[in-house]
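Letter by letter, the chains look like this.
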Amino acid sequence: GAVVSQHPSWVICKSGTSVKIECRSLDFQATTMFWYRQFPKQSLMLMATSNEGSKATYEQGVEKDKFLINHASLTLSTLTVTSAHPEDSSFYICSARQTVSYSNQPQHFGDGTRLSIL
Amino acid sequence: DAKTTQPTSMDCAEGRAANLPCNHSTISGNEYVYWYRQIHSQGPQYIIHGLKNNETNEMASLIITEDRKSSTLILPHATLRDTAVYYCIVRGRNTGNQFYFGTGTSLTVIP
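In this text the structure is predicted, and so the values were computed from the model without any measurement.

(A) The arrangement of the state of the cysteines in detail. Taken as a whole and assessed by the stated rule, the structure comprises two disulfides over all chains. Two residues, Cys23 of chain A and Cys94 of chain A, share a disulfide whose sulfurs are 2.0 Å apart. Between Cys23 of chain A and Cys94 of chain A, the disulfide has an S-S torsion of 80 degrees and is therefore right-handed. With a gap of 71 residues between them, Cys23 of chain A in strand E3 (residues 19-25) and Cys94 of chain A in strand E9 (residues 90-97) connect regions that are remote in the sequence. There is no split in this pair, since Cys23 of chain A and Cys94 of chain A are both buried. Here Cys22 of chain B is linked by a disulfide to Cys88 of chain B, with a sulfur-sulfur distance of 2.1 Å. Here the S-S torsion is close to -80 degrees, and the disulfide linking Cys22 of chain B with Cys88 of chain B is therefore left-handed.

(B) Geometry of the interface of chain A and chain B. Counting residues at the interface gives 23 residues for chain A and 21 residues for chain B. Put simply, chain A and chain B have six residue pairs in polar contact (both at pLDDT 80 or more) between them. For the side of chain A that touches chain B, the elements supplying multiple residues, two or more each, are strand E4 (32-38), strand E5 (45-51), E9 and strand E10 (107-109) of chain A. For the side of chain A that touches chain B, a count of residues per class yields nine nonpolar, ten polar and four charged.

(C) Representation of the sheet that holds strand E6 (residues 61-64) of chain B within the structure. Residues and elements named next belong to chain B. Strands sit in the order E2-E7-E6-E5 across an open sheet of four strands; the sheet is antiparallel. On the outer flanks of this sheet lie strand E2 (18-23) and strand E5 (55-56), each paired with one strand and no other. Note that E5 and E6 share two bridges and pair antiparallel. Residue pairing in the sheet places Thr56 in a bridge with Ser61 of E6.

(D) View of the pairing of E6 of chain B. Residue and element names in this part refer to chain B. With antiparallel pairing between neighbouring strands as the criterion, E5 and E6 make up a hairpin whose turn holds four residues. Direction of pairing for E6 relative to strand E7 (residues 70-75): antiparallel, over a ladder of four bridges. What sits directly across from Ile63, in E7, is Thr72. What sits between the antiparallel neighbours E6 and E7 is a turn of five residues, in which Arg68 has the positive phi angle 65 degrees.

(E) Layout of unusual backbone geometry. All names here are of chain A. In this chain, His7 is followed by Pro8 through a cis amide linkage whose omega measures 0 degrees. With respect to the helices and strands, the residue Pro8 is situated in the loop between strand E1 (4-7) and strand E2 (10-13). With a phi close to 65 degrees, Lys41 is a non-glycine residue in the positive phi region. Examined against the element boundaries, Lys41 turns out to sit in the loop between E4 and E5. Lys41 gets classed as exposed once you look at its relative accessible area, which sits at 90%. Residues other than glycine seldom take positive phi values, yet Ser83 does so here, at roughly 45 degrees. Locating Ser83 in the fold gives a position in the loop between strand E8 (76-81) and E9. A residue is classified by how much of its surface remains accessible, and Ser83, at 34% relative accessible area, is partly exposed.

(F) The arrangement of the sheet that holds E1 of chain A in detail. Residue and element names in this part refer to chain A. Judged by pairing direction, the sheet is antiparallel, and its four strands sit side by side in the order E1-E3-E8-E7 without closing on themselves. One side of each edge strand has no neighbouring strand; the edge strands of this open sheet are E1 and strand E7 (67-73). Taken over all neighbouring pairs, the strand axes of this sheet differ in orientation by 15 degrees on average, direction set aside. Here E7 pairs with E8 via five bridges, running antiparallel. The residue of E8 that forms the bridge with Asn70 is Thr78.

(G) Geometry of the pattern of salt bridges. Residues and elements named next belong to chain A. A complete count under the given rule lists three salt bridges over all chains for this structure. Among the ionic pairs, Glu22 bridges to Arg24, the shortest N-O distance being 3.5 Å. Residue classification places Arg24 among the partly exposed positions, given a relative accessible area of 34%. The partner of Lys66 in a salt bridge is Asp88, with the nearest N and O atoms 2.7 Å apart.

Criteria and cut-off values
- Residues numbered from 1 in each chain as written.
- Chains lettered and ligands numbered in written order.
- Predicted model: local features only at pLDDT ≥ 70, side-chain atom pairs only at ≥ 80, totals over all residues.
- Heavy atoms only, no water.
- Disulfide = S-S within 2.5 Å.
- Helix = DSSP H or I, 4+ residues; strand = E, 2+ residues; numbered from the N terminus.
- Buried < 20%, exposed > 50% of the residue type's maximum accessible area, 1.4 Å probe, protein only.
- Contact = heavy atoms within 4.5 Å.
- Polar contact = N/O pair within 3.5 Å; in protein donor to acceptor, adjacent residues only side chain to side chain.
- Nonpolar A, V, L, I, M, F, W, Y, C, P; charged D, E, K, R; others polar.
- Pairing = 2+ DSSP bridges.
- Axes fitted to C-alpha atoms, helices over the stretch in contact; angles between N-to-C directions.
- Salt bridge = Lys/Arg side-chain N within 4 Å of Asp/Glu carboxyl O.

Okay, here's the thing in structure tokens:
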């Protein structure tokens, strides 16, 4: 149980294009999903918290107009990297937490999307 | 959320127990300790979590000291597939539920 699916797993595109990454909770509902970015040999950095039906909350230093987040249903959140440039190349990972009344439930992570901008 | 401190790297012989320590000396009463691991080029995998009692599941055991200022993740019989970066995270129940990852411990299981 508690499977999170991320798509695509790998994308290569030209500089200036926009890229959409999907994150789905397959067997549970998730009011809240999270987006992380990870550069080589570094730890995961939280980018934003995605809330179903409301605006995402971005961490300090993360451009909300650059990284558009939509959480339209309890099982799907999307991250769109707009006008991507080579410095946006990274490993993007989403996670989801099951919606339950008590909040010590762990987050479950997708397998990540490796984005390469040429 | 409380900051955690972990050794940068550790080695363990295959078949032996791997004991990964984590220091969280500023943990508060309502904060849980979570352990995840990340195998290269994959998303983090949940291992175990606890509040103050020791916990055990099919993957590992979590030992939390009585003062809750430190914990140890135990992999009872390490295999080569346990080679990964292990993250210890402390998070409270009443926060926004965010996880903030530290640098973790890179565990290498040696044949």
